[in-house]
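# Descriptive analysis of the structure
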Amino acid sequence: MKVTRCAIADVLLIEPRVFGDDRGFFFESFNQRTFRDVSGLDVDFVQDNHSKSARNVLRGLHYQINQPQGKLVRVVAGEVFDVAVDLRRRSPTFGRWVGKRLSADNKHQLWIPPGMAHGFVVLSESAEFLYKTSDYWAPEHERCIAWNDPTLAIEWPAINGAPLLSGKDAKGVAFLQAEVFE
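First, a word on what this report is: a plain description of the structure on this page. Treat the numbers as computed from the prediction; the structure is a model and nothing was measured.

The rules behind the values
Residues numbered from 1 in each chain as written. Predicted model: local features only at pLDDT ≥ 70, side-chain atom pairs only at ≥ 80, totals over all residues. Heavy atoms only, no water. Pairing = 2+ DSSP bridges. Helix = DSSP H or I, 4+ residues; strand = E, 2+ residues; numbered from the N terminus. Axes fitted to C-alpha atoms, helices over the stretch in contact; angles between N-to-C directions. Phe/Tyr/Trp six-rings, centres within 6.5 Å; stacked < 30°, edge-to-face > 60°. Buried < 20%, exposed > 50% of the residue type's maximum accessible area, 1.4 Å probe, protein only. Lys NZ or Arg CZ within 6 Å of the ring centre and 35° of its normal.

Turning our attention to the sheet that holds strand S8 (residues 79-86). Sheets are built from strands that pair by backbone hydrogen bonding, the pairs being arranged parallel or antiparallel. Taken together, 5 strands build an open sheet; the order of strands is S9-S8-S11-S6-S13 and the sheet is antiparallel. Strands with a single pairing partner mark the edges of an open sheet, and in this sheet they are strand S9 (97-103) and strand S13 (142-144). Across the sheet, the axes of successive neighbouring strands diverge by a mean angle of 25 degrees, strand direction being ignored. In the sheet, S8 pairs with strand S11 (residues 116-122) via 7 bridges, with the strands oriented antiparallel. Its bridge partner being in S11, valine 80 is matched across the sheet by valine 122.

A word on the packing of aromatic side chains. Taken as a whole, this structure holds 11 aromatic pairs when the rule is applied. Their ring planes at 85 degrees and their centres at 5.3 Å tell us that phenylalanine 30 and phenylalanine 45 sit as a pair that is edge-to-face. Placement of the pair is phenylalanine 30 in the loop between strand S4 (24-26) and helix H1 (32-39) and phenylalanine 45 in the loop between H1 and strand S5 (47-54), with a sequence separation of 15 residues. The exposure class assigned to phenylalanine 30 is partly exposed, which follows from its relative accessible area of 26%. On the numbers, 6.1 Å between centres and 75 degrees between planes, the contact of phenylalanine 81 with tryptophan 156 is edge-to-face. Of this pair, phenylalanine 81 sits in strand S8 while tryptophan 156 is found in the loop between S13 and helix H2 (167-170), placing the two residues 75 residues apart along the sequence. As far as the burial class goes, phenylalanine 81 and tryptophan 156 line up, both buried. Among the aromatic side chains, those forming a connected cluster through ring pairs are Phe30, Phe35, Phe45 and Trp111. If you follow lysine 107 out to its NZ or CZ, it ends over the ring of phenylalanine 25, 4.0 Å from the centre.

In structure tokens:
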């Protein structure tokens, strides 16, 4: 497993070791001991989530102001552009974002620590997205920042037309008005 620190140093790009031949492939998608050894993190994951979305669906930018969740995310079908935004006021990268393409083909994963907003847009016909969380979903603490906030200026890949948003995501607040972490 190869781990690369992203522009936000606490966000990690994880490239598993894949064994493949003409029959297909095999890889460990998660091994707690290996994850701890290569990342230096000892995370207890408490929940696994699985979503399927159509092309141009944009989910996010989500976070929980209380019970913040660390997320280990990956794509098992299709391709997405995945984004993490640093909402930790005392962080040297506060207000900055990092984005990576995750796909079933590249099998890359992204560790997004607590204190980050998270979102993705589907680039393929559809995508299935799996992620582990370090805390439980708490809808009363969930917050959303507008995907197209001008202060963040996220460089989303070109999509055909406007992204498809949920009602909640369409009401995302501006970054400058968002609750953040101290």
